[in-house]
Each structure stands twice: as C-alpha cells, then as structure tokens.
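# Fold and geometry: a report
The chain contents come next:
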Amino acid sequence: MKTFCGRANPTTGSMEWLEEGEDYDYHQEIARSRYADMLHDKDRNVKYYQGIRAAVSRVKERGEKAIVLDIGTGTGLLSMMAASAGADFCYAVEVFKPMANAAVKIVEKNGFSDKIKVINKHSTEVTVGPDGDMQCRANILVTELFDTELIGEGALPTYEHAHKYLVQEGCEAVPHRATVYVQLVESKRMWSWKKLFPVHVEAEDGEKILVPPSEMENCPGVPSVCDIQLNQMPLSDFTTLSGVVTMFSVDFSKPVQSASTYYRVQLEPVKSGKAQIVLSWWDIDMDPSGMINCTMAPYWVKPTSALQWRDHWMQCVYFLPNEEPVLQGEKLYLTACRDEYSVWYNLQKAREGENKADEEHKADVCVESPVCRCRAHLLWNRARFGELNDQNRTHQYIKALRKVLKTDSVCLCISDGSLLPVLAHCLGAKQVQYFILFFRSWHFTNHLEDKIKIIETRPELLKPSHLEDKKISVLVGEPFFTTSLLPWHNLYFWYARTAVSTHLASNVTVLPQSASLHMMIVEFQDLWRIRSPCGICEGFDVQTMDDMIKDSLNFRESREAEPHPLWEYPCKSLSDPQEVLTFDFTKTVPQHCLSTEGSVKLLRKGKSHGAVLWMEYHLAADVSVSTGLMQMSNEKGICEWNPHCKQAVYFFSSVIESEILSEPTAVTYAINFDTKTGEIAMDFKL
Ligand code: SAH
C-alpha cells in the first residue's frame, strides 16, 4: 500500500507530497531505534541474565513450574535467557509488529520455539485462559520498559495491568525494584537551558541591558524531560548543593499504582548556593537482595567503578520552577511529583514552627505539571535557550550587525524567535521589520512595538504593503528555524531570501553573507555502538536483528546523515576539517545543483566510523560563527563541539581501520546539494 504524506520541506520551505510505502515508518523506526545500543549494553545484559537465573531458581526451589511473562520482548533476548535458565515456558509479548516478527525468527534460530511463544500484542490486550494468549498467569515477570526518566515509556500502567490480570500474586519480578536518586545543584550552564538571561549590548550611547519580560522570568517551563549524557558534563560546570538522596522506589513484584502521586524528602544542603537544578538517575536491583544492581549513576557518584556507556538510558536534568538561594545546613523539602509518564520537582523551605503534617498538606497543592505560560518554552528547546544565552555568540552577531547597520537602515530579519531584531534596534537601525514565519514571535521587552514590526506571513507572500513600500537595506538571519533537524536545514534562510528578492534594495547587505558546509572524518569513543551490528549477545544469535537494522538503513537509496549533539558524544578527528561547499546568500539560490568531489587525508591512527558535517556562517567580514567544531587539539585530535547545536553524523557502512599510517590513506567523497529538493546526498569511499 502507498500513502501520500504531506510535509513542509525543512530546507526549501515548500509543501511537498511524498509517496510512502507502508514500510516507510517502520524502516525509519528500526533504523533509528535503540535496539543495537541495548544489545551492546553488556552491563545491562549480564545483570538481567543473573537476575533471571536467580528468579527461575527461586521458583523452582518452591517446587513450582517457572512460567515467564516477558513484556516488550524486542529481540526475544530476555525470554531466551529465561528459557536457558530452565524456565518451563515463556510468553514473550511485543507490540511492534516488525520486532515481534524478528523475535519469532530469532527464537527459532536459537532453538527455543517450543519454550517461547511470541505474542504480537500490547500487554494490556493479552488474554489469559484455556483459549487465551496465555494458558495461565505467569509467576515470573520480566520486563525492560524503562527510559531515562524510568517511567516515560509507560512502565507503570503496564505493570499495574500485568499485576491485575497477567501474573500470579507473589510473583518474582526481574528487575525486582527501581530506585530514583536526586542531587540538588547550582549550574549556570544548565540553568541557561531553562531561562533567558539579560543580554548586555555595547551601543554607541553606552551599555544597554535587555531584560526578559516578567512572564518569562516566572514561567515554570515545560514538563518534557531533559535527558543528557551527564558523564560529559565537567565538574567545573556545576556545584553540588546536596549529597545523593533517594527520592522514591518502585517494587515491581507487588501491585503497582500508576495514578499521580508525589514523594517528598527532607534534605540539608552541604553547601550554600542557588538551588536551580535537580539531577536525577535511577538504578534497578535485579533481585530482592539488591546484590545484582545496574546503575545509571554519573561518574562522580562512584568514581572507582567502571562506567558502562549507553545511550538508551542516560540521566535527567530537572529545572526547579524558580532559583532558590539555600544555606548550608538549612532544612529543605524536595518534592517529586509524578503522573503516569513524567516527573517534576519542587523545593520548599521548612519554616520555623511548621511540622511535617503541615508541610505534607502543602505538597498536595503542587501536584500540577508545569505548563509554559510565556510561550518561549514552546518555541525554543533547551539547547536553543543555551544558544541565546551564549554571550560570546551574541557578541559575534553584535559585532557583525555593527559593521552593517546604518542609522537609516531598514532591516528585515528572517529567523524564528530571534533576538536579532532587538539587537539591531539597540544598535541604532531606524526601522527593523521583524519578519517571521507562522506564529513564532516573541518580544524581548514590551516597548518596541512601534519600532519592530512583526510580519506573520510566508516569505513568498510578502507584499510591499507589509514593508510600508520601503525597500530592505539589511537582511539578517542567524539563521535559526525550529523546523531544522540537520545543520543544512537552516539553508531555508537562502530560499526565503530568494523569495523576498523583489523587496530588497539594489545595494542590500545580507547577514550572514554566506555559509559553508564543513566535514571531518572521526573515530567515536562510543557513539559507533548505536549503528554497529551485535552478532552474538550473551550467547544468543541476534544477527537477524542486525540484518533488519541494515536493511532499514539501506531502505532509501542513499543513506542519510543523522543529527547528534556531539558535545555529548566524544570523538577523535582522524582528518583535518575541510570546507566542502559554500552557499552565497548575497545571490539567489541557483537552479543547478551544487556538487563537489575530493579526498580527505587521514592523519591519525584510528577507526573511521564516519564523517561529521556542520555549517559555519560568515556574518560579515572577519566575523564567523560555527555550529560545529569550535576547537581541536592537534596532536590527539580531541574535538570541542558547539554545545548548543546538533551536528550531522554520516556513519560509514563499513569501518575503515587505519592502524599504521605508513602509506598515506585518504577517504574520497562526493557531496551533492540538490537545490530543488534541498537535500544533501553523500558518498564516501576509502
Ligand atoms: N526486552 C528487549 C527489548 C526492550 S525494548 C531487551 O531487553 O533487549 C522495549 C520493547 O517493549 C519495545 O520493543 C517496545 O515495542 C515494547 N513494548 C513496550 N511496552 C509494551 C507493552 N506494554 N506491551 C508490549 N510491548 C511493549
């Protein structure tokens, strides 16, 4: 079956209708899934296996048959572990059809077809009884339904249902229990992801400070979890104000309640400071004794133990509704509120003479999930807040604006929710036409309505009347568009610039004047795992899964690059960075394709996992900003990446290993930017 899917092209901005086969969605899902990462997670797999063996033994010791229910079986891995451990029968439930099919194949290939029944259903649809999916209720419940926030993938309602309808009372559960830990911290870096800081602008007539509006100051933000690789956050970027505190636990062997609730702990800061952020992670005990523990604790919590790298489980950053000054030794209450799928935090000070009962009463009031009132949190994600708060970056734009603006400039800005119009106004542009797409505007202060006009239309629909019949003398953009996923999607600025050409003065200045695409060959420390075949996992042949992922990756003729924030995923450069394409914004988008071919020399030993690509914007003479590489140490090739942007990663289909560089080795590339579709196709060869 073919379906037509409509979407706005992120680069060209045009509406297009794509004919997609029904396979399209699931290929996307498989290709970008975390199954490979989970299968490479040795620590997780080993501990699940130990926990499952122990649970099967406990049931057998009681003289019972071991009947396993594995909810979310994926590849069937945990069921195969149970069968090998001596389970009498396993019901392996998987809702995602392609995965359920894969599980059937994998189970068969490993010789467990008589012991494992794969059920392609959501667990809440599974029936029990002589004619049901399951003959009887299970006495061992095995699952791996957790995300970084623990409950975000619906573990709680799934467990609640399973205990009511699918497992016996007193069943063994692997994992047995999960515990959520928190630590209160002060961090300018992380706080800059939640709220906009005042912006300092050096203007002709002295320094001006732009202050965000009060509704934004007091906005609680959005409830969506901020999950990051906390192990990449250096100690110098935050101050811990409390020790590690146990926030709450869930015992999976007992009936689980998913209804909204809260948990509250008392804590005393070990240091005075500004409480801003709650860092959080969890661990799971695979058995009741707690001897088999799998933890997501970051590096500073247990400095001696080896860290397992994984991307399917990371750590959470929660933003307190407001920053709260706290004193060392002072009594505080931290409340974790949760609904079925998410968690949020509140901090309260214990007041003199108030007892715990009063405090608990007060907490009832706060069981409300944060809702953004200022709209900025809906418009900008956390990285975007960080980017706008980056004073170094802002200064580059100020420097460039100062070079191009004159007192009689008529300025048009094309970017989503940008500070550029306000900066341009501060720097003395007579009239700033702030032109934006759809409804993505936001004013820094309330006093600029007469100076900055917001035009809510698409570029191709811009009329002279929108501009009061004036011609634009300065066209600016960061460029930034909320629809961009890959670095070159912001080339939409070029298409918009082309669409508004007739409104530009003949001597118009365009800022940025150009952009360039840069590329470098890298060896990843860990990220390669997410796209690398696993083969045998804990003795089970999961190659079927590898093949399936490979098929899905090759589903489109040309493999695609994918966005990753590389500050979280360290890599070593194996080549020098190379500029591969340039885009001249002073001219309109050409009709013909832009292509390039060439080769990059490999300068260092290592495994060439792939190429990283990013954009650099040349704002004005001698002023450029990079959305990718910021710095590189030359001897070792250690890279520092722009912490606010995602870079494009193109994984090579086979890893090129250059151990000895006796002969000069090079990777050849061919890159083509199709100006019609806005797509960039790439091909690399050793
Ligand atoms: N158990 C496998 C895979 C874990 S990934 C392993 O440990 O390697 C979780 C899987 O659970 C996904 O494939 C998802 O589709 C499935 N899933 C999540 N909730 C489910 C539910 N309630 N019923 C059935 N499948 C579910």
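Residues numbered from 1 in each chain as written. Predicted model: local features only at pLDDT ≥ 70, side-chain atom pairs only at ≥ 80, totals over all residues. Heavy atoms only, no water.

The name an unreviewed UniProt entry assigns to the protein is Protein arginine N-methyltransferase 7, from the organism Corvus brachyrhynchos. The Catalytic activity (unreviewed entry) comment attached to the protein in UniProt states, word for word, "L-arginyl-[protein] + S-adenosyl-L-methionine = N(omega)-methyl-L-arginyl-[protein] + S-adenosyl-L-homocysteine + H(+)". (UniProt positions renumbered as here; feature names shortened; annotations may be inferred.)

### Some points on the UniProt feature "domain: Protein arginine N-methyltransferase" (unreviewed entry) in the protein
Within this structure's numbering, the places UniProt gives as "domain: Protein arginine N-methyltransferase" (unreviewed entry) are residues 176-347 and 513-675. Within residues 176-347, the helical portion is 5% and the strand portion 46%, while the C-alpha atoms at the span's ends are 30 Å from each other. (Helix = DSSP H or I, 4+ residues; strand = E, 2+ residues; numbered from the N terminus.)

### Quick look at the site of the ligand
Of all residues adjacent to the ligand, which total 18 residues, the nearest are Tyr35, Arg44, Gly72, Glu94 and Ser123. A distance of 2.8 Å separates a nitrogen atom of the ligand from a polar backbone atom of glycine 72. At 2.9 Å from a nitrogen atom of the ligand is found a main-chain nitrogen or oxygen belonging to serine 123. For the ligand, whose unbound accessible area comes to 570 Å², protein coverage reaches 89%. In terms of residue class, the shell around the ligand is built from 8 nonpolar, 6 polar and 4 charged. (Near = heavy atom within 4 Å. Polar contact = N/O pair within 3.5 Å; in protein donor to acceptor, adjacent residues only side chain to side chain. Areas by Shrake-Rupley, 256 points an atom, 1.4 Å probe, with all protein chains shown as cover. Nonpolar A, V, L, I, M, F, W, Y, C, P; charged D, E, K, R; others polar.)

### Digging into the packing of helix H5 (residues 97-109) against helix H15 (residues 543-553)
How two helices pack is summed up by the angle between their axes together with the distance between the axes. At a minimum axis distance of 9 Å, the contact between H5 and H15 shows a crossing angle of 145°. Residues Pro98, Met99, Ala102, Lys105, Ile106 and Lys109 of H5 lie in contact with H15, whose contacting residues are Gln543, Thr544, Met545 and Met548. Counted by class, the contact of H5 with H15 contains 6 nonpolar, 2 polar and 2 charged residues. (Axes fitted to C-alpha atoms, helices over the stretch in contact; angles between N-to-C directions. Contact = heavy atoms within 4.5 Å.)

### Let's talk about the sheet that holds strand E6 (residues 138-143)
Hydrogen bonding along the main chain pairs the strands of a sheet, whether they run parallel or antiparallel. Spatially, the 5 strands line up as an open sheet ordered E5-E4-E3-E6-E7, and their pairing is parallel. Of all strands in the sheet, those with a lone pairing partner are strand E5 (116-119) and strand E7 (167-174), marking the two edges. Strand-to-strand, the axes of this sheet are offset by a mean angle of 25°, without reference to chain direction. Packing of helix H3 (residues 42-61) onto the sheet brings it into contact with E6 and E7, and relative to E7 it is tilted by some 145°. Its contacts with the sheet place helix H4 (residues 77-84) against strand E3 (67-71), strand E4 (89-93), E5 and E6, and it is angled at close to 175° to E4. (Pairing = 2+ DSSP bridges.)

### A short note on the nonpolar core
Ranked by size, the top nonpolar core spans 115 residues in total, and within it Tyr48, Leu69, Phe146, Met247, Leu279, Leu334 and Tyr345 carry the most contacts. For this core, the element with the highest residue contribution is strand E15 (residues 273-285), accounting for 7 residues. Split by domain, the residues of this core number at least three in each of domain 2 (34-177) and domain 3 (178-372). Leave out the neighbours within four places in its chain, and methionine 247 touches Val180, Tyr181, Val182, Tyr263, Arg264, Val265, Leu334, Thr335, Ala336 and Tyr345. Core analysis: the second largest hydrophobic core is formed by 85 residues, Ala400, Leu423, Phe493 and Phe585 among them. (Core = buried A, V, L, I, M, F, W, Y, C linked by side-chain atoms within 4.5 Å. Buried < 20%, exposed > 50% of the residue type's maximum accessible area, 1.4 Å probe, protein only. Domains from an automatic or database assignment.)

### Brief notes about H5
Look at H5: 18 Å from first C-alpha to last across 13 residues, which is about the 18 Å you get at 1.5 Å a residue. By the burial criterion, the buried members of H5 are Pro98, Met99, Ala100, Ala102, Ala103, Ile106 and Val107. Following H5 by one or two positions, glycine 111 has its phi on the positive side, about 80°. (Expected span 1.5 Å × (residues − 1).)

### Some words on the sheet that holds strand E19 (residues 343-349)
Strand order in this open sheet of 3 strands is E14-E18-E19, and the pairing throughout is antiparallel. Strands with a single pairing partner mark the edges of an open sheet, and in this sheet they are strand E14 (261-267) and E19. Each neighbouring strand pair of the sheet contributes to a mean axis angle of 20°, computed without reference to strand direction. One ladder, built from 7 bridges, connects E14 with strand E18 (residues 332-338); its direction is antiparallel. Following the sheet pairing, arginine 264 is matched in E18 by threonine 335.

### Regarding the packing of aromatic side chains
Evaluated as defined, the whole model comprises 25 aromatic pairs. On the numbers, 5.9 Å between centres and 45° between planes, the contact of tyrosine 49 with phenylalanine 540 is tilted. Taken together, the positions of tyrosine 49 in helix H3 and phenylalanine 540 in strand E27 (residues 540-541) put the pair 491 residues apart, joining distant regions of the chain. On the accessibility criterion, tyrosine 49 (11% relative accessible area) is buried. A ring pair is formed by tryptophan 494 and phenylalanine 585, whose centres lie 5.9 Å apart and whose planes are at 55°; its orientation type is tilted. Linking tryptophan 494 in helix H14 (residues 492-499) with phenylalanine 585 in the loop between strand E30 (578-584) and strand E31 (594-601), this pair joins segments that are 91 residues apart in sequence. Neither residue differs from the other here; tryptophan 494 and phenylalanine 585 are each classed as buried. Site record: aromatic cluster; members linked through ring pairs are Phe146, Tyr159, Phe252, Trp282 and Trp313. Between the NZ or CZ atom of arginine 53 and the centre of the ring of tyrosine 49, over which it lies, the distance is 3.9 Å. Sitting above the plane of the tryptophan 567 ring, arginine 189 keeps its charged end 4.4 Å from the centroid. (Phe/Tyr/Trp six-rings, centres within 6.5 Å; stacked < 30°, edge-to-face > 60°. Lys NZ or Arg CZ within 6 Å of the ring centre and 35° of its normal.)

### Some details on the side chain of lysine 195
Among the secondary structure elements, lysine 195 is positioned in the loop between helix H7 (188-191) and strand E9 (199-203). Residue classification places lysine 195 among the buried positions, given a relative accessible area of 16%. When neighbours within four sequence positions are excluded, lysine 195 is seen to be in contact with Glu217, Phe385 and Asn389.

### Examining the pattern of salt bridges
Scanning all chains against the criterion turns up 28 salt bridges. With its nearest N and O atoms 2.9 Å apart, the salt bridge here joins arginine 458 to glutamate 460. When its relative accessible area of 22% is taken as the criterion, arginine 458 is described as partly exposed. A relative accessible area of 46% means that glutamate 460 is categorised as partly exposed. For the salt bridge of aspartate 526 with arginine 529, the shortest nitrogen-to-oxygen distance reads 3.2 Å. Here the two residues aspartate 526 and arginine 529 agree in accessibility, since each one is buried. One salt-bridge network, held together by shared partners, links Asp41, Asp43, Lys47 and Arg310. (Salt bridge = Lys/Arg side-chain N within 4 Å of Asp/Glu carboxyl O.)

### Regarding the packing of H3 against H4
It is at 9 Å that the axes of H3 and H4 come closest, and there the two elements cross at 40°. Judged by the inter-axis angle, H3 sits oblique to H4. Crossing of H3 over H4 shows right-handed handedness. Contacts between H3 and H4 pair Arg44, Asn45, Tyr48, Tyr49, Ile52 and Val56 from the former with Leu77, Leu78, Met81, Ala82 and Ser84 from the latter. By residue class, the composition of the contact of H3 with H4 is 8 nonpolar, 2 polar and 1 charged. (Parallel < 35°, antiparallel > 145°, perpendicular 65-115°, else oblique. Left-handed = near helix turned anticlockwise from the far one by under 90°.)

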